[in-house]
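The residues making up each chain are set out below.
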Amino acid sequence: MPKIVEKRRLTPITALYRVDAPLIAGSAKAGQFVILRVREGGERIPITITDYDRDSGLVTIVVQEVGATTRRLGELGEGDEILDMVGPLGEAPDIPSGGHIVGVGGGFGSAALLCLMKELRARGEKTTVIIGAREKNLLILADELAKVTDNLEICTDDGSAGFKGFVTERLQQMIDGGPPGYPDYVISIGPMPMMRAVEKTTRGANVPCTASLDPLMIDGTGMCGGCRVTVGGEVRFACVDGPFFDAHEVDFDEAVSRGKMYVKEEQKAAECQRAAHQEEAA
Amino acid sequence: MPVKRVEKTPMPVRDPHMRAHDFEEVNEGYCFAHAMFEAERCLRCQDPVCVDGCPVRVPIADFMHAVAANDMEKACRILREANPLAAICGRVCPQEAQCEKNCHMTKRFGPVAIGHLERYVSDWEMAQPMSDEVQEPWREEKIAIVGSGPSGLVCAGELARMGYHVTVYEALHAPGGVLRYGIPEFRLPNSILDWELDQLKRLGVEFVNNVVIGKTITMDDLFGKYGYSAIFIGTGAGLPKFMGIPGESLNGVYSANEFLTRINLMQAFDFPNAETPLKVGKRVAVIGSGNTAMDAVRSALRLGAEKAMVVYRRSEKEMTARIEEYEHAIEEGVEMHWLTNPVEVLGEDGWVTGLKCVKMKLGEPDESGRARPIPIEGSEFVFPVDNVVLSIGTRPNPLLVKATPGLKTHSWGGLLVDERQVETSVKRVYAGGDAVTGAATVILAAGAGKKAAEAIHHDIQSEAA
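Each chain carries its own residue numbering, running from 1 in the direction its sequence is written. The lettering of chains begins at A and the numbering of ligands begins at 1, in the order of writing. Local features in a predicted model are, by the rule used here, given only for residues with pLDDT of at least 70; side-chain atom pairs are given and counted only at 80 or more, and totals for whole chains, interfaces and linings are based on all residues.

### What about the overall build of chain A?
Here comes step 1: Comment: elements are numbered from the N terminus, with helices defined as DSSP H or I runs of at least four residues and strands as E runs of at least two. The helix and strand inventory of chain A stands at 8 helices and 15 strands.
Here comes step 2: C-alpha atoms define the radius of gyration in this analysis, and the globule rule sets the expected value at 2.2 Å times the number of residues to the power 0.38. The globule rule puts the C-alpha radius of gyration for 282 residues at 19 Å, and the 18 Å found for chain A is close to it.
Here comes step 3: In terms of its C-alpha atoms, chain A occupies a principal-axis envelope of roughly 60 × 40 × 40 Å.
Here comes step 4: The burial criterion counts other C-beta atoms lying within 10 Å of a residue's C-beta, which is placed from the backbone; the residue is buried at 20 or more, exposed at 12 or fewer, and partly exposed between these limits. Relative to its 282 residues, chain A shows a buried fraction of 51%.
Here comes step 5: In this description, a residue-residue contact is defined by the distance between C-beta atoms placed from the backbone, which must lie within 7 Å. Sequence-distant contacts, at least 24 apart, represent 63% of the contacts inside chain A between residues at least 6 apart.

The following block contains the structure:
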C-alpha cells in the first residue's frame, strides 16, 4: 500500500501529501490523476497529481477535506498508508507550443497547475499563473508556483494579498492589454463556477481555453460512464477522454447539475462519520 | 441402475417476497437427496450430445455417473479438469441454451439439471477442508494476465498448473472483473468468487490490484522491464453503450455498469456504512433484456423500488436473458414491457421524471435474423419514473489498445486474433473472452482463457526446443 512519507498542512482544510507510489511516479504525466480509497467500504475518489518524481518514486497530491473520504485522508499522517491508489489515469492535455500560456487556478486547483507549469517551463514556454483565493491564508503553493512560471499573479477577494478581485478580473486586464501580456492559451483548473467564469472571459476574446473537469467517477477506466460530460454536443467520459476539454465546448450547466447528484448522500455520510468519531471519543 | 422418467428436480429457491428485499442468494442449492435423484435421471446416452453444447466440453456423462455413485471427489475432479470456474458456472451459465438444450430428456420431461448438479458438486468441494500449502512454480517463464475476469482467471489457473509464474493485473481494488462488479450477490455471492480466487492463489498465482496496464505499466515494460514471456489480455467488454436519446445525462440515469458497480463492488446497498451512494427512487425503468438488465432491475427492487420494470424494444421471444433470471424477476414482481422503445428521458431541474416511449411492432427479420422492431406511429406515451438504467450492451474497452501501438482491433473494438483464435497482432500477446468476442458469457470467456493458456504453453515450449 502507498505510504505517506511527507504531509504538510497548506490551509486548515487542505494538506499536501508525498506518497510512495513508484509505479505511478514512473509513468505519470502532468495533468493526469489518481483514484484513491482510504478504508474498506470507502468511496473511490479522483485526485489530480500535483507533482511526481521518477527517481524517488514519490507522487505529490493536494487534497481539500470536503467529504467523508477526504476528511478521513486528512486524519492520516506521515508513515500511514493509503488503502488503494491507482493511476496515472486520464490523458495529459495537449497544450500548443509558442505564445503566452496562462494557467488559472482557483482554490486547491492551483495545486493541479504545478506539474503542468513545471512541464511547460521545461519545454521553454512563456507562462503566467494566476491563482486566487478568498483570502491570503487560503492561497496554496504560491512559492512553488513562483519557481516554475515567468509571472505569478495572486488574487484575493479581500485584497489581503496581490490583486483585489477575482482571477477572471485579472485575466480580463491581460486580455485588455495589461501586463504581463495577452494570453494566447488558457488552462483553467478550479471550482466549477470559476472555470465557468474563465470560459466566459476567454470566449469573449476568442482565446482558446482548456478546463480540467472533475466529475464523479468510480473506476476511472471508462467502465461506468458516471463521469460523462457533454462536450461539443457529444458525450465524453472525463476519466478516459479527459479530464481536459475545450472549455468553450463544455456543457457547464449539465456538469454543474451532475456534480450535485449526491449532495444529500454526501452530507449523510459525513454525519455518520462524525457520529462514529464522537462514539469513539466517548 | 433405474432411470427415472420424471420431471426435472426443481431448484429450491427462497420465497420471492422475502428475497426481493435483500441481497442473499436466491437459489438455495440441491440437498444430497435432490442431487442423487437428479443424477439418476441421466439416460447414460451412448453419444452424450450434452457435451457438444458445452463451450468447455465438460464430460457431463462421466460427471453424472460419479455423482450418481456418490463419488463426489471424482465428480469434482472431472468437473474441475474441464471447467476451472465450475462453482461460478453452475450458477450463471445459460444451460438451457447449451448442455441442457441438447439433453435427450428435454423434450418429454425436461433436461437433466446439469447446471444445478454442477453447482451441487462445487458447493460440496467448497465445504471440504483445504490445505494452506501454496504450489511453487517450477518453470522459469513468467506470464502476465491483464484483467481478472473469467478469461484471465482461467488462463492464470491453467498456466500455474503447468508450472509458470503467473501474475494477474487488475485495475480495480479487488479482483474478479465482471464477476465482482457486474453479477450481484443474490446470483453469485462474493464468497464463491473469493473461494475460486483462493484456489488460484494456492496454485501460486499472484494478484496485483490497482494497476492499469497501458497506464501504470505499458505492455512494452511488461516484456522488457518485468521480463514476462507472454501476456494474456482478458480486459472484457466493459465500456457501456448509451442510446443517444435526449435526457441521458440527467441525474438519475445510469449505465447498468455504473448501477451494478455501485452496488456490487462499492456495496452501495450498505450506505452509509459503505460510503458510495446510489439514488434509487420509487419507480425504476431498466432498458434492455439481457442478464445485466435482469440483474439491474432486480437490484433496484432490493434497494426499495416499488415499481421496477424492464423496457425492451423487441418481444419476449427475442429476450437474451437466461430463462431463470427472467422467471425469478417475474416472481419478484418485475414488470415487463415488451415492444416498447424509449425515445427520450424527461426531466425537471436536472432530475429524471419520466421515460418517453413508443410502441413497436415486429417486421421482417433484420441482419441479426431477429424480427425488426418498427415504431407504431402516434403511440408515444410516458412512464413516470425516477431512474432510468441503460442496459443495452457494452463494447471492449479501448484504453489498452490506445496505449499499445500495433495492437489491432475490429472496427467495433474487439481485438483481432490469429487463426488459432488466441494470439493478437502483437507477438506473444494473447487475448480471449469479451475483449475478443464482444459481450458474451462467463463460460465462453473461461473456454477462451483455457485455449489461450494451451497456446501460450505450446508457443513458449516450441521456441525453447
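### So, unusual backbone geometry
Here comes step 1: Omega for the bond connecting Gly87 of chain A with Pro88 of chain A falls within 30 degrees of zero, at -5°, which places this linkage in the cis form.
Here comes step 2: Positionally, Pro88 of chain A belongs in strand β6 (residues 84-89).
Here comes step 3: Cis peptide bonds are those with omega within 30 degrees of zero, and the linkage from Pro179 of chain A to Pro180 of chain A qualifies with 0°.
Here comes step 4: Among the structural elements, Pro180 of chain A can be located in the loop between α5 (167-175) and β11 (185-189).
Here comes step 5: Its identity is not glycine, yet Gln267 of chain B carries a phi of approximately 60°, on the positive side.
Here comes step 6: Its location among the elements puts Gln267 of chain B in the loop between α13 (256-264) and β7 (283-287).

### Quick notes on helix α8 (residues 263-281) of chain A
Here comes step 1: Helix span, as expected, comes to 1.5 Å for every residue beyond the first. Its 19 residues give α8 of chain A an end-to-end C-alpha distance of 27 Å, which sits within 8% of 27 Å, the value for a rise of 1.5 Å per residue.
Here comes step 2: The element α8 of chain A is barely covered by neighbouring structure, given that only 1 of its 19 residues are classed as buried.

### Observations concerning the interface of chain A and chain B
Here comes step 1: At the interface, 36 residues of chain A touch 33 residues of chain B.
Here comes step 2: Elements supplying a minimum of two residues to the side of chain A that touches chain B: α1 (22-27), α2 (68-74), β6, β13 (228-231), α7 (252-259) and α8 of chain A.
Here comes step 3: If one sorts the elements of the side of chain A that touches chain B by residue count, β6 of chain A sits on top with 6 residues.

### Regarding the domain arrangement of chain A
Residue and element names in this part refer to chain A.
Here comes step 1: Along its sequence, chain A is organised into domain 1 (3-89) and domain 2 (100-212).
Here comes step 2: Domain start and end points were adopted from an automatic or database domain assignment. Between the C-alpha centres of domain 1 and domain 2 there is a distance of 24 Å.
Here comes step 3: Contacts between the two partners involve 11 residues from domain 1, matched on the other side by 11 residues from domain 2.
Here comes step 4: If you list the elements that add at least two residues to the side of domain 1 that touches domain 2, you get β1 (3-11), β4 (45-53) and β5 (58-64).
Here comes step 5: When residues of the side of domain 1 that touches domain 2 are assigned to their parent elements, the largest contribution, 4 residues, is made by β4.
Here comes step 6: Ten residues, namely Ala, Val, Leu, Ile, Met, Phe, Trp, Tyr, Cys and Pro, are considered nonpolar, four, namely Asp, Glu, Lys and Arg, are considered charged, and the remaining ones, Gly among them, are considered polar. Residues belonging to the side of domain 1 that touches domain 2 are distributed by class as follows: 4 nonpolar, 6 polar and 1 charged.

### Observations concerning the pairing of strand β3 (residues 33-37) of chain A
All names here are of chain A.
Here comes step 1: For β3, a buried count of 5 out of 5 residues is recorded, marking the element as mostly surrounded by other parts of the structure.
Here comes step 2: The side-chain alternation of β3 yields two buried faces, one formed by Phe33, Ile35 and Arg37 and the other by Val34 and Leu36.
Here comes step 3: Strand pairing requires that DSSP identify at least two bridges connecting the strands. Sheet analysis places β3 next to β4, joined by 4 bridges and oriented antiparallel. Following the sheet pairing, Leu36 is matched in β4 by Ile45.
Here comes step 4: Relative to β6, β3 is paired through 4 bridges, and the arrangement is antiparallel. Among the inter-strand pairings, Ile35 is bridged to a residue of β6, identified as Val86.

### A closer look at the environment of Val358 of chain B
All names here are of chain B.
Here comes step 1: With respect to the secondary-structure elements, Val358 resides in strand β11 (residues 351-365).
Here comes step 2: Here Val358 falls in the partly exposed class, since 19 other C-beta atoms lie within 10 Å of it.
Here comes step 3: Along the sequence, Val358 and Ser379 sit 21 residues apart, while their C-alpha atoms lie 5.5 Å from each other.
Here comes step 4: For Val358, the residues in contact, after removing those within four places along its chain, are Asn341, Val343, Pro375, Ile376, Ser379 and Glu380.

### Section: the domain arrangement of chain B
All names here are of chain B.
Here comes step 1: Domain parsing of chain B yields domain 1 (16-127), domain 2 (142-238 + 395-464) and domain 3 (242-392).
Here comes step 2: Centre-to-centre, using C-alpha coordinates, domain 1 lies 27 Å away from domain 2.
Here comes step 3: Opposite the 18 residues of domain 1 that make contact, domain 2 presents 23 residues.
Here comes step 4: If you tally residues by element for the side of domain 1 that touches domain 2, the top one is helix α5 (residues 86-92), at 5 residues.

### Section: the pairing of strand β8 (residues 307-311) of chain B
All names here are of chain B.
Here comes step 1: Burial runs high along β8: 4 of the 5 residues are buried.
Here comes step 2: Inspection of the sheet shows β7 paired to β8 by 5 bridges, in the parallel sense. Counted as the bridge partner of Ile287 is Val311 from β8.
Here comes step 3: Crossovers are described as right-handed under a simple rule: with the strands pointing away from the observer, the path leading from the first strand over the helix to the second runs clockwise. At this point the chain moves from β7, through helix α14 (residues 291-302), to the parallel β8, and the crossover so formed is right-handed.
Here comes step 4: A crossover connection joins β8 to the parallel strand β9 (residues 335-337) through helix α15 (residues 323-331); in handedness this β-α-β unit is right-handed.

### Things to note about the sheet that holds β9 of chain B
Residue and element names in this part refer to chain B.
Here comes step 1: Spatial ordering of the open sheet is given by β6-β14-β7-β8-β9, a layout of 5 strands whose pairing is parallel. Two strands in the sheet have a free side with no partner beyond their single neighbour: β6 (253-255) and β9. Taking the axes of each pair of neighbouring strands and ignoring which way they run, one obtains an average angle of 20° across the sheet.
Here comes step 2: Pairing analysis gives 3 bridges linking β6 to strand β14 (residues 387-390), with the strands arranged parallel. In the strand pairing of β14, Ser255 is matched with Leu390. Note on geometry: axes are lines fitted to C-alpha atoms, helical ones only across the stretch in contact, with angles between N-to-C directions running from 0 to 180 degrees.

### Considerations on the packing of helix α3 (residues 60-68) of chain B against helix α4 (residues 72-82) of chain B
Residues and elements named next belong to chain B.
Here comes step 1: Where α3 contacts α4, the two axes come as close as 8 Å, and the packing angle between them is 160°. Regarding the angle of α3 to α4, the classification is roughly antiparallel. Classified by chirality, the crossing of α4 by α3 is left-handed. Contact with α3, carried on its side by Asp62, Phe63, Ala66 and Val67, involves Lys74, Ala75, Ile78 and Leu79 of α4 and no other residues of that element.
Here comes step 2: A class-by-class count of the residues in the contact of α3 with α4 yields 6 nonpolar, no polar and 2 charged. Roughly parallel refers to an angle under 35 degrees, roughly antiparallel to one over 145, roughly perpendicular to one between 65 and 115, and oblique to any angle outside these ranges. Take the far helix as your reference; a near helix turned counterclockwise from it by less than a right angle gives a left-handed crossing, and one turned clockwise gives a right-handed crossing.

### Regarding the environment of Ala274 of chain B
Here comes step 1: Inspection of the secondary structure assignment puts Ala274 of chain B in the loop between α13 and β7.
Here comes step 2: With 19 C-beta atoms counted inside 10 Å, the residue Ala274 of chain B sits in the partly exposed group.

### Things to note about the sheet that holds strand β1 (residues 142-146) of chain B
Residues and elements named next belong to chain B.
Here comes step 1: In space, the 5 strands of this open sheet follow the order β3-β2-β1-β4-β16, with parallel pairing throughout. Each edge of the open sheet carries a strand with a single partner, namely β3 (206-208) and β16 (429-431). Sheet twist, expressed as the mean angle between neighbouring strand axes with direction ignored, is 20°.
Here comes step 2: Alignment of strand β2 (residues 165-169) against β3, held across 3 bridges, turns out to be parallel. Opposite Val168, over in β3, you have Phe207 as the bridge partner.
Here comes step 3: Packing of helix α9 (residues 150-161) onto the sheet brings it into contact with β1, β2 and β4 (230-233), and relative to β2 it is tilted by some 165°.
Here comes step 4: Together, β1, β4 and β16 form the strand contacts of helix α18 (residues 442-464), whose direction differs from that of β4 by roughly 165°.

### Here we look at the nonpolar core
Here comes step 1: Joined through C-beta atoms within 7 Å, a set of buried Ala, Val, Leu, Ile, Met, Phe, Trp, Tyr and Cys residues constitutes a nonpolar core. By size, the foremost hydrophobic cluster in this structure holds 230 residues, and its most contacted members are Val34 and Val59 of chain A together with Phe232 and Val286 of chain B.
Here comes step 2: Residue contacts for Val59 of chain A: discarding those within four places in its chain leaves Val19, Ala21, Ile24, Ala25, Ala28, Val34, Ile49 and Tyr52 of chain A.

### Some words on helix α3 (residues 109-122) of chain A
Residue and element names in this part refer to chain A.
Here comes step 1: Over its 14 residues, α3 extends 21 Å from the first C-alpha to the last, a length consistent with the 20 Å expected when each residue adds 1.5 Å.
Here comes step 2: Along its length, α3 shows its largest kink, about 25°, at Cys115.
Here comes step 3: Of all 14 residues in α3, 10 are buried; the element is thus mostly enclosed.
Here comes step 4: Of the residues flanking the end of α3, it is Gly124, one or two places downstream, whose phi is positive at about 85°. Each residue is assigned a bend, namely the angle between axes fitted to the seven residues that terminate at it and the seven residues that start at it.

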